[in-house]
Structure formats: C-alpha cells, structure tokens
Amino acid sequence: MSDDDAWAALADAFVEGAYATVKGQVRTYVLHQHLLRHLPAPPASVLDVGGGAAHQSLPLARLGYDVTVLDPSEAMLAKARQRVATESEAVRDRVRFIQAEGEKADGETFDVVLCHGVLMYLDQPEPMLDALCRSLAPGGLLSIMALNARTLAVRPAIEQRWDEALAAFDAATETGVFGTSTRADTVDHLSQLMRDREVDPVAWYGVWLFTDWRDPDPDDLEVVAAVELQASLRDPYRGLSRVFHLLGHRR
Ligand SMILES: C[S@@+](CC[C@H](N)C(=O)[O-])C[C@H]1O[C@@H](n2cnc3c(N)ncnc32)[C@H](O)[C@@H]1O
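Each chain carries its own residue numbering, running from 1 in the direction its sequence is written. In keeping with the predicted nature of the model, local features appear solely for residues at pLDDT of at least 70, side-chain atom pairs appear and are counted solely at 80 or more, and the whole-chain, interface and lining totals rest on all residues. To get the side-chain values, take all heavy atoms of the structure and skip hydrogens and water.

1. What to know about the packing of aromatic side chains
Counted only if it meets this: Pairing of aromatic side chains here covers Phe, Tyr and the six-membered ring of Trp, requires ring centres within 6.5 Å, and sorts the geometry by plane angle: under 30 degrees stacked, over 60 edge-to-face, intermediate tilted. Under the DSSP-based scheme used, a helix requires at least four consecutive residues in state H or I and a strand at least two consecutive residues in state E, with every element numbered from the N terminus. Charge-over-ring placement is defined geometrically: NZ (Lys) or CZ (Arg) within 6 Å of the ring centre, and within 35 degrees of the ring normal.
One pass over the full model with this rule turns up two aromatic pairs. Between F210 and W213 the ring centres are 5.4 Å apart and the planes differ by 90°, which places this aromatic pair in the edge-to-face class. Here F210 and its partner W213 are both found in helix α10 (residues 210-213), three residues apart, which amounts to about one turn of the helix. Each member of the aromatic cluster is reached from another via a ring pair, and the members are F210, W213 and Y237. The ring of W204 carries the charged tip of R238 above its face, separated from the ring centre by 3.8 Å.

Laid out in structure tokens, this is it:
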C-alpha cells in the first residue's frame, strides 16, 4: 500500500462502518433507484470514477452492465476486489479495475459515467468535470453525487453545535463524517459546469434526509428506504438533503 494513499486510513471506516449503517444502505438504494430511471438498457459500459469499494457499480454489473471501477486508492480498490471476488463468474467477468486519479481519465468513452461522493474531497470541481464529460460517449449518462452547499447547517444543527450551524449558512466547506475537510457544491453551479462541457442536466434528486436526523431501527430498513426515496424525489424534501444527485446527458 503506498504512503500517499489518503483513503487507506478511511477504507475500513467507509466500507465496513458507513455502508453497514441504515444510512449507508439507504444511500445505495436511493441512488440505485434514481439510476434505474435514467440508465440505458444493459449491456452498456459504466465508468465509476472514485468508485471506491464498488458499492454503487457492483449492483450494475449484476444487472448486466460492463463496469470499470477507477480509483487512485489501492486500499479502496482492494476492498472492491474482495467484494467482487465473491460474485458469480459472469459478474466477475463484467468488472475491471483501474488505479488512477479521475482527472486523468482520457481516451476511452463510456455509455454511463458515475462520480459519487468524490467532488467533495477535491479542491475544485472543474478538472474532474472536464474528465467526466470527456469520458462520456454521445448521448451517454453522467451521474454525480455531491455535498449540498445550501444545507451545510443541517448536520451541526442536528448535533446541537449551534455556533458552527450559524457559520455554516455562508460556508462552502465542512469537516466531513470521516473527520476530513469536505467541499460543497450547488445543483445550479454543477449544472452550469456540465452544460459548458456539452452535458445537459436532466434531473436532480436528494439522497438521504430523515436518516440524518435520527438513527432508524435497522429492522425498519425497508420502509425507511422507501420513505427516503420518496423524499429524494420531491420538493421541499429533496432540497433539504445534505447531498444531491445530479444527472445529465452528453449532447
Ligand atoms: C466517499 S468514497 C466514495 C466511493 C464510491 N463512489 C461510493 O459512492 O461508494 C470517495 C472515493 O473517492 C476516491 N477519490 C479521491 N480522490 C479522487 C480522485 N482525484 N479521482 C478519483 N477518485 C478519487 C477515494 O479514493 C475514495 O474511494
């Protein structure tokens, strides 16, 4: 494992910790349901940029999509390989891995490009947006999940860190759940960056809302996921979510 793998220290917390919670499972479920509304029929090629342990793209490989998981972190890719190794041979054959920074993706184009939970760890969104948009085939689908700059007061307020909540109304960054600094975006700004790169936004959604406010009983997972999906689809709930899911089509 290389010394400069920033995600090495977070891989266990993210894969075994965050994804084991109701919130983590709600996130995967809600994003997957959104994707099903927009994806082309399988088989189609999917590039998962910053794909981590392939939580979002492995279900797509199971549905018959050809998935490429691209991530600079050896530790996260190791988690992805472990998870994919337990799948059937047919699914394993549909997943490949590339260790690289997303910004450097160039040359190959895909029918679908995912970039979920990555922009918030980058100083600027533009170099990544350049790479995501140029990696899309004409008509291809871009799917971005980002931290919502409009709702940064939600988490400190819920946690009763009132001074931080007050400051968060005009902030563009916060200390994320893993203790690292994260940067927030807006739907409007990312939509404009997409348009500037020949990708027309088609829809945006919230992701999780109520699971931020109270830790649900794991026995209620199914109904909680159904509630969160409905909240993610409609106003005013979707706009209150701490993260948003934005999709667009390459011209
Ligand atoms: C919060 S995880 C999200 C993983 C996955 N997209 C998901 O939704 O489960 C963030 C991932 O972004 C990756 N990452 C960080 N900087 C990156 C970059 N410049 N290009 C591509 N991936 C990056 C990290 O290695 C990590 O796997």
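2. With respect to the packing of helix α2 (residues 22-38) against helix α11 (residues 221-233)
Put simply, the rule is: Angles shown run from 0 to 180 degrees and are taken between the N-to-C directions of axes, each axis being a line fitted to C-alpha atoms and, for helices, limited to the stretch in contact. Here the word oblique covers every angle except those under 35 degrees (roughly parallel), over 145 (roughly antiparallel) and from 65 to 115 (roughly perpendicular). If you view the pair so one helix is near and one far, a crossing is left-handed when the near helix is turned anticlockwise from the far one by less than a right angle, and right-handed when it is turned clockwise. Should any heavy atoms of two residues lie within 4.5 Å, those residues are considered in contact. Gly falls in the polar group here, along with every residue not listed as nonpolar (Ala, Val, Leu, Ile, Met, Phe, Trp, Tyr, Cys, Pro) or charged (Asp, Glu, Lys, Arg).
Axis separation between α2 and α11 bottoms out at 9 Å; the angle between their running directions is 50°. It follows from the interaxial angle that α2 and α11 lie oblique. Considering the relative orientation of α2 and α11, their crossing is right-handed. Only L221, V224, A225, A226, E228, L229, S232 and L233 of α11 make contact with α2, whose side of the interface consists of V22, Q25, V26, Y29, V30, Q33, H34 and R37. Across the contact of α2 with α11, the residue classes tally to ten nonpolar, four polar and two charged.

3. Concerning helix α6 (residues 126-134)
Just so we agree on the cut-off: Residue exposure (1.4 Å probe, protein chains only): buried if accessible area is under 20% of the type maximum, exposed if over 50%, otherwise partly exposed.
Within the sequence span of α6, burial applies to M128, L129, A131, L132 and C133. On its buried face, α6 is in contact with β1 (45-49), β4 (110-116), β5 (136-147), α9 (187-196), β8 (199-206) and β9 (243-250).

4. Concerning α9
Threshold: Regarding the arc, it is the one traced by the directions from the helix axis to the C-beta atoms.
Considered for burial, the residues of α9 that qualify are V187, L190, S191, L193 and M194. Down the axis of α9, the buried side of the element spans an arc of 160°, and every buried residue falls inside it. Following α9 by one or two positions, E198 adopts a phi angle in the positive range, close to 70°.

5. Focus: the sheet that holds β8
Strand pairing in a sheet takes place through backbone hydrogen bonds and is either antiparallel or parallel in direction. For clarity, the threshold we go by: Paired strands are those between which DSSP finds at least two bridges.
The strand order across the open sheet built from seven strands is β3-β2-β1-β4-β5-β9-β8, with neighbouring strands paired in mixed fashion. The open sheet is flanked by β3 (95-99) and β8, the only strands paired with a single partner. Geometrically, the sheet is characterised by an average inter-axis angle of 15° between neighbouring strands, direction not taken into account. Summarising the sheet, β1 and β4 pair through three bridges and their orientation is parallel. Residue pairing in the sheet places D48 in a bridge with L114 of β4. Strands β2 (66-71) and β3 of the sheet are contacted by helix α4 (residues 74-85), whose axis makes an angle of about 170° with β3. Along the sheet face, α6 touches β1, β4, β5, β8 and β9 and points at about 145° away from the line of β5.

6. Let's talk about the site of the ligand
Cut-off, in case you're wondering: Whether a residue is near a molecule or strand is decided by its heavy atoms; if any one of them lies within 4 Å of it, the residue is near. Distance and chemistry together define a polar contact, namely a pair of N or O atoms within 3.5 Å, with one atom able to donate a hydrogen and the other to accept it when in protein, and with adjacent residues in sequence counting only for side-chain atoms on both sides. Calculation of accessible area relied on Shrake-Rupley with a 1.4 Å probe; when residues are assessed, cover is drawn exclusively from the protein chains displayed.
Taken together, 20 residues form the shell around the ligand, and within it Y19, G50, D71, G102 and H116 come nearest. One of the backbone N or O atoms of G102 is found 2.8 Å from a nitrogen atom in the ligand. At 2.9 Å, a side-chain N or O of E103 approaches a nitrogen atom of the ligand. Isolated, the ligand exposes 590 Å² of accessible area, and the fraction of that covered by the protein chains is 95%. Partitioned by chemical class, the residues of the shell around the ligand number nine nonpolar, seven polar and four charged.

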